[in-house]
Amino acid sequence: MSDLSFAILIPTHNEAADIQRTLDAAVAVQYTQKEILVIDDASTDNTAGIVSNYADRGVRLIRMAANRGVAAARNVGLRASEADIVIILNADVLLPPDFIERLAPHYKAGADF
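Residues numbered from 1 in each chain as written. Predicted model: local features only at pLDDT ≥ 70, side-chain atom pairs only at ≥ 80, totals over all residues. Heavy atoms only, no water.

Enquirer: Can you help me understand a nonpolar patch on the surface in this one?
Expert: Together, Leu78, Val86 and Ile88 line one region of the surface with nonpolar side chains, adding up to about 210 Å² of accessible area. You can see Ile88 is positioned in strand β4 (residues 85-88). When its relative accessible area of 38% is taken as the criterion, Ile88 is described as partly exposed. (Patch = residues over 30% accessible without salt bridge, like charges linked within 9 Å, V, L, I, M, F, W, Y side chains within 5 Å. Areas by Shrake-Rupley, 256 points an atom, 1.4 Å probe, with all protein chains shown as cover. Salt bridge = Lys/Arg side-chain N within 4 Å of Asp/Glu carboxyl O. Helix = DSSP H or I, 4+ residues; strand = E, 2+ residues; numbered from the N terminus. Buried < 20%, exposed > 50% of the residue type's maximum accessible area, 1.4 Å probe, protein only.)

Here it is in structure tokens:
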């Protein structure tokens, strides 16, 4: 369990005002084995366009065809993730760069997940 992988899931719907800051913080998180998935729940603003600008920094955008709500978006992200541990954020949460580095030792020591 020494090489745990983490996913940061960010369900969104019309979050153009906040998503860039959230993604800037997420890509700055210092941990080698992480994936960042944004599940766009049929936004009608420029959320998906902003997120697509982060593809070269490891952010994967999953676009839902119809608005189904945040729980459905979370479930889509959970099914798409390949990580051992999943962190689900709101689209306006700014993680500190060492968030996973501080969290990982608890799971490595046997925390129930």
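There is more to say after this.
Enquirer: Can you help me understand helix α4 (residues 99-108) in this one?
Expert: Given 3.6 residues per turn, any residue in an α-helix points the same way as the ones three and four places further on. Among all positions of α4, only Ile100, Ala104 and Tyr107 are buried. Around the axis of α4, the buried residues are gathered within 65° of arc, so they sit on the same side. Among the structural elements, β1 (6-12), β2 (34-40) and β4 are those in contact with the buried residues of α4. Once α4 finishes, Gly110 follows within two positions and takes phi at roughly 110°, a positive value. (Arc of directions from axis to C-beta. Contact = heavy atoms within 4.5 Å.)

Enquirer: Can you help me understand the pattern of salt bridges in this one?
Expert: Between side chains of opposite charge, a pair can form as their charged atoms come close. Tallying each qualifying case throughout the model produces two salt bridges. For Arg57, the salt bridge goes to Asp56, with nearest N and O atoms at 3.9 Å. Assessed through its relative accessible area of 67%, Asp56 is described here as exposed.

Enquirer: How do you make sense of the sheet that holds strand β3 (residues 59-63) when you look at a structure like this?
Expert: Sheet strands associate in pairs through backbone hydrogen bonding, adopting either a parallel or an antiparallel arrangement. Strand order in the open sheet formed by four strands is β3-β2-β1-β4, and the pairing between neighbours is parallel. Lying at the two open borders of the sheet, with one neighbouring strand each, are β3 and β4. In this sheet, neighbouring strand axes are inclined to one another by 25° on average, regardless of whether the strands run parallel or antiparallel. Here β1 pairs with β4 via four bridges, running parallel. By the bridge assignment for β4, Leu9 is matched with Ile88. (Pairing = 2+ DSSP bridges. Axes fitted to C-alpha atoms, helices over the stretch in contact; angles between N-to-C directions.)

Enquirer: Whenever I open this one, the environment of Val38 confuses me. Can you help?
Expert: Following the sequence through the fold, Val38 ends up in strand β2. We classify Val38 as buried; its relative accessible area is 0%. Considering only alpha carbons, one finds Val38 and Ala80, 42 residues apart in sequence, at a separation of 11 Å. Aside from chain neighbours lying at most four places away, what touches Val38 is Ile10, Thr12, Leu23, Val51, Val59, Arg60, Leu61 and Ile62.

Take it as geometry only, folks, not as evidence of what the structure does.
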